[in-house]
Structures are given as C-alpha cells and as structure tokens.
Amino acid sequence: SADGDPAQLAAAAAAGDEATPANNRRLSAVDRGGGPYRILYVSGRPNWEFKFLRRALADDDQLELVGLVRIARREPKFSFRRRGERSTNSLFDGFEHPDDDAAESYDEPVLVRLGTADAEELRGGFPRVADELYRYDALILDDIEADAFTQDQLTLIEEFVSRRGGALLMLGGAESFAAGNYRRSPVANALPVYLDGPSAAATPPPSARLALTREGWLEPWVRLRKTEPEDQQRLAEMPSFQTLNPAGLLKPGATLLAEARDPAGAAHPALAVQRYGRGRAAAMLLGDLWRWGLHRRSERDDDLGAWWRQMARWLVTDVPRRVEVDVLADDDGPPGAVTLRARVRDAEYLPLDNAEIAIRIAGPEGRDDELTAEPSADEAGLYVARHVARTPGPYRAAVSAVAPDGALVGECRTGWAPQGPADEFQRRPP
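**Q** Where do I start with the packing of aromatic side chains in this structure?
**A** The geometry of two aromatic rings is summed up by the distance between their centres and the angle between their planes. Under the criterion given, the structure shown has nine aromatic pairs. Taking 4.7 Å as the distance between ring centres and 20° as the angle between the ring planes, the aromatic pair formed by Trp221 and Trp314 counts as stacked. With a gap of 93 residues between them, Trp221 in the loop between helix 6 (214-217) and helix 7 (228-237) and Trp314 in helix 9 (residues 303-316) connect regions that are remote in the sequence. Trp314 sits in the buried class, given a relative accessible area of 13%.

Below is the structure:
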C-alpha cells in the first residue's frame, strides 16, 4: 500500500493494487492532559534538596511547586512577662510587625511559604481539613518528623493518597521514615516499605552508591539515557551518598526500582513505589540527593534536574481531578455515536450529585454542538450525554460542571476521532 499520501493512495487503488484506499488512513485522539498540577513540598528544615527541586521545575508550565519550610521549631515556654515584652518568637526580633498575630509565638513553629498562589494559601501552616489539602495533586515530605503533624493531619495525609487519589513522596533524612517516628502513624500504611523489623533497625552504611534494579530498568521515568550502557556509565559516575534511611521489607505489591549498595556489596532499598487506594506512594530513602547536583561535570550537565522533572511528572500522572470525562463508542447507536461520561466530585472528592454539566462539542465542519449531561441512575456523581458525529474527523469537547450552589466545580477537555469509511472498510469482505 501507499504511505498515506492521498494522491498515491488513489493511484494505487486505480491500478488495482487495493480494493479501497479508505482504510489506509486513521485519525487518533491523544490526550496530553492539562495542568497546571500542584505539588506541595513540606520540609522540616531549610536544605539544598528544595533548591534543586525548585530549580528543576521552574520552567515547567504544567507543574506548580508550593513550599512550606520550617525554619524554627516550636519552643514551649512559660514566663511572667514584663510590661511591653512581646510574646512572639525571638527569631522575629528586629523586624517590624503590625501586631503579635503577624508572627508565630514561642509555642508555634516558624514556617516559610514559597510559591503560594495568594497571601491566604497555607497561612495557618499545613492543611488541617480535606478541602485544603485536596487542592494539591502531590505531596512531598522531606526530613520532617511525624510529631510535626497532629494525629488528624497524619490521617489526612493517608486519606489524601487513598481517597483523593493523590501522590505521596517521602524523602530520606535524619527525621524521615522510622527515624521520624512514622512507624505507628497512618502515613506508614501508605508507604511501600515497612518501617519496622530487623532491617529497619540496622545501622545505615557510611556511604552507598545508587544502582537500578531489574524493575527500575523497565521504568522510563527512572532512566536518563537512551541506552542501558550509557545509563550504566552515568550511574558509575554518580557520587556516593552519605545519608540512607534503613527500612524493613518491601510491602506486597510494592516495586523496588533502585538500591543503595554499600562498600561491602550489600544492597539496601533506595527507591520503592506502590499503588495505595486510589493514589500512589513512593519512598526515596536517600537523604542527600543534592550531592548529585553538586557533582556536575559541566554547566550543561543537569541530570538531577532531569530526574526531578521525571519524578514530578510520574507523581502527578493519572491523579484524579474534580471533573473528568471519558468517551466510549456507542455500539448500539448509529455510526459515529459516542457516549460521554463525566464524573464530578466535591471539594473532598466525594461524588457530587445535582450538578449542572454543560458540554460544548466542536466538530470538523466548524459548527458547535451544545449538550447537557443527565445524571446516571447507576453511579453517584456520574453524568451521561450522547453525541452522533455528522462527518468523520476530529471532535473536541469542553465540559464544565457547576455545583448546586452555583459555584464552578471545574472544567476539562477531551477529544475523539470517528473514522467513518475507515471503520466500514477495515476488513474487506471476501
């Protein structure tokens, strides 16, 4: 057959080489997703890890990184104050504040917010209710102990992964994993490694080198080179790491993607991932990835930045949004018929009923169709509409959902491509 050029296809058909050229070309709809996706980074202290992460994601218009960094711990203190003595943390001495409410007191940690959308975002610290945390698509915990959160916040993090469908990444450090007292917390349930057992109590090696496992070689987002020999050379040139959190066994269903090998040749878990509920969780047990960023062979060498970008993209991939739509072929309808199924969720990612779903469809002929999706009797929060294509070609649908109180829930887009004669002549009759 010809290579897709209409003139060549017609000439081949006229010469008798093919019964029909109508099935030689097909259109495909590719969903590239749509951001921006928001990632919340929470750290127990200022460190270089956030510097390299922030630099890596700065030019990615699909990712928004919001930082919450603790620069001073809470200092419980009791004293009889003299007249005129302030109750704020001494860290704020020498700075002007309109009142004591503008600065943290002794019994509150001092937090710095970076990359927030407005002055109110994260003003009260780490989110305490679901609709605040569920605004983010992924959460990164870096070197911060479990005691920095309340029990309700720890449960909220676990539900962020299991119910909301978000992604969790815990980075290694002096106060992460078992060292951060996460053993008996709800967050430990989401992590892909056990935080107890003989292995978790082992002394971490003084230095370790990173190596990919068999499963790691199969994951494109873990590799950075086109071929295995080139990636092997990259791994050999990487610096050794000095901070490794010991962990227990891998959980059933989890996947170990990278190991840290000590000078004696023993292998320790370094990067593990797993599905948990509707979301996913990852554990990077190395606590000094920044050494990789300092070990640059040239100004153009940015392997750590590329790894962070791939890691961030993996975190937000397939994370549910409040409004989602899929397109299914309607086999019982006329040719070109499809069913559009929109799922709508409230701020806590529970099914939202009594919403108004408007769908605007743009077809290849240049005219728009406007549809209203009706609630499904089979599933809460599901709305259904049907459309029949008049001509073959690409179709795009813009879906908007409005809550019963009139507030906009969200918008999303999708597309499909009915083939027309290509489907009809896909199999030439004998």
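Having put the structure on the table, let's press on.
**Q** Would you mind going over the sheet that holds strand 10 (residues 323-329) with me for this structure?
**A** Note on sheets: strands pair through backbone hydrogen bonds, and any given pair is parallel or antiparallel. As summarised here, the arrangement of the seven strands in space is 10-11-14-13-12-15-16, forming an open sheet in which the pairing is antiparallel. Of all the strands in the sheet, the pair left with one neighbour each is strand 10 and strand 16 (408-416). Between one strand axis and the next, the sheet turns through 25° on average, direction left out of account. Where strand 13 (residues 368-375) and strand 14 (residues 382-388) come together, two bridges link them in antiparallel fashion. The residue of strand 14 that forms the bridge with Pro375 is Tyr383.

**Q** It is not clear to me how the environment of Ala270 should be interpreted in this structure. Could you clarify?
**A** Its location among the elements puts Ala270 in strand 8 (residues 267-276). For the pair Ala270 and Gly172, spaced 98 residues apart in sequence, the C-alpha to C-alpha distance is 9.1 Å. In this structure Ala270 touches Leu210, Leu256, Ala258, Glu259, Ala260, Ala283, Met284, Leu285 and Leu286, once residues within four positions along its chain are discounted.

**Q** Would you mind going over helix 2 (residues 48-57) with me for this structure?
**A** The periodicity of an α-helix, 3.6 residues per turn, causes residues three or four positions apart to be oriented the same way. Within helix 2 the residues assigned to the buried category are Glu49, Phe50, Phe52, Leu53, Ala56 and Leu57. An end-on view of helix 2 places all buried positions within 165° of arc, on one side of the element. Where helix 2 starts, the residue carrying a side-chain oxygen 3.1 Å from the main-chain nitrogen of Glu49 turns out to be Asn47.

**Q** Help me understand unusual backbone geometry in this model?
**A** Trans peptide bonds make up most of the peptide bonds, and negative phi angles are found at most residues other than glycine. Phi angles above zero are rare outside glycine, and Asp318 is one such case at about 65°. Mapped onto the secondary structure, Asp318 falls in the loop between helix 9 and strand 10. Positive phi outside glycine occurs at Tyr349, with the angle close to 60°. The class for Tyr349 is buried, based on a relative accessible area of 7%.

**Q** Before we go on, may I ask you to explain the pattern of salt bridges in this structure?
**A** Close approach of charged atoms allows side chains with opposite charge to pair. Applying the stated criterion to the full structure yields 26 salt bridges. For Arg313, the salt bridge is made with Asp60, and the minimal N-O distance between the two is 3.0 Å. Of this pair, Arg313 sits in helix 9 while Asp60 sits in the loop between helix 2 and strand 2 (63-72), placing them 253 residues apart in sequence. Given a relative accessible area of 13%, Asp60 falls into the buried group. With a closest N to O distance of 2.5 Å, Asp231 and Arg234 form a salt bridge.

**Q** How should I be thinking about the nonpolar core in this particular structure?
**A** Among soluble globular proteins, nonpolar side chains are generally buried collectively. One finds Leu141, Leu168, Tyr182 and Trp308 to be the most contacted residues of the largest nonpolar core, which totals 85 residues. Among the elements that take part in this core, helix 9 stands out by supplying eight residues, more than any other. Val338, Val344, Leu352 and Tyr383 belong to the second largest nonpolar core, which has 23 residues in total.

**Q** Can you walk me through the environment of Arg70 in this structure?
**A** Examined against the element boundaries, Arg70 turns out to sit in strand 2. A relative accessible area of 7% places Arg70 in the buried class. The spacing of Arg70 and Ile144 is 74 residues in sequence and 8.9 Å in space, taken between C-alpha atoms. At 2.9 Å, the side chain of Arg70 forms a polar contact with the side chain of Glu145.

Analysis parameters
- Residues numbered from 1 in each chain as written.
- Predicted model: local features only at pLDDT ≥ 70, side-chain atom pairs only at ≥ 80, totals over all residues.
- Heavy atoms only, no water.
- Phe/Tyr/Trp six-rings, centres within 6.5 Å; stacked < 30°, edge-to-face > 60°.
- Helix = DSSP H or I, 4+ residues; strand = E, 2+ residues; numbered from the N terminus.
- Buried < 20%, exposed > 50% of the residue type's maximum accessible area, 1.4 Å probe, protein only.
- Pairing = 2+ DSSP bridges.
- Axes fitted to C-alpha atoms, helices over the stretch in contact; angles between N-to-C directions.
- Contact = heavy atoms within 4.5 Å.
- Arc of directions from axis to C-beta.
- Polar contact = N/O pair within 3.5 Å; in protein donor to acceptor, adjacent residues only side chain to side chain.
- Salt bridge = Lys/Arg side-chain N within 4 Å of Asp/Glu carboxyl O.
- Core = buried A, V, L, I, M, F, W, Y, C linked by side-chain atoms within 4.5 Å.

The analysis is restricted to geometry; functional conclusions fall outside its scope.
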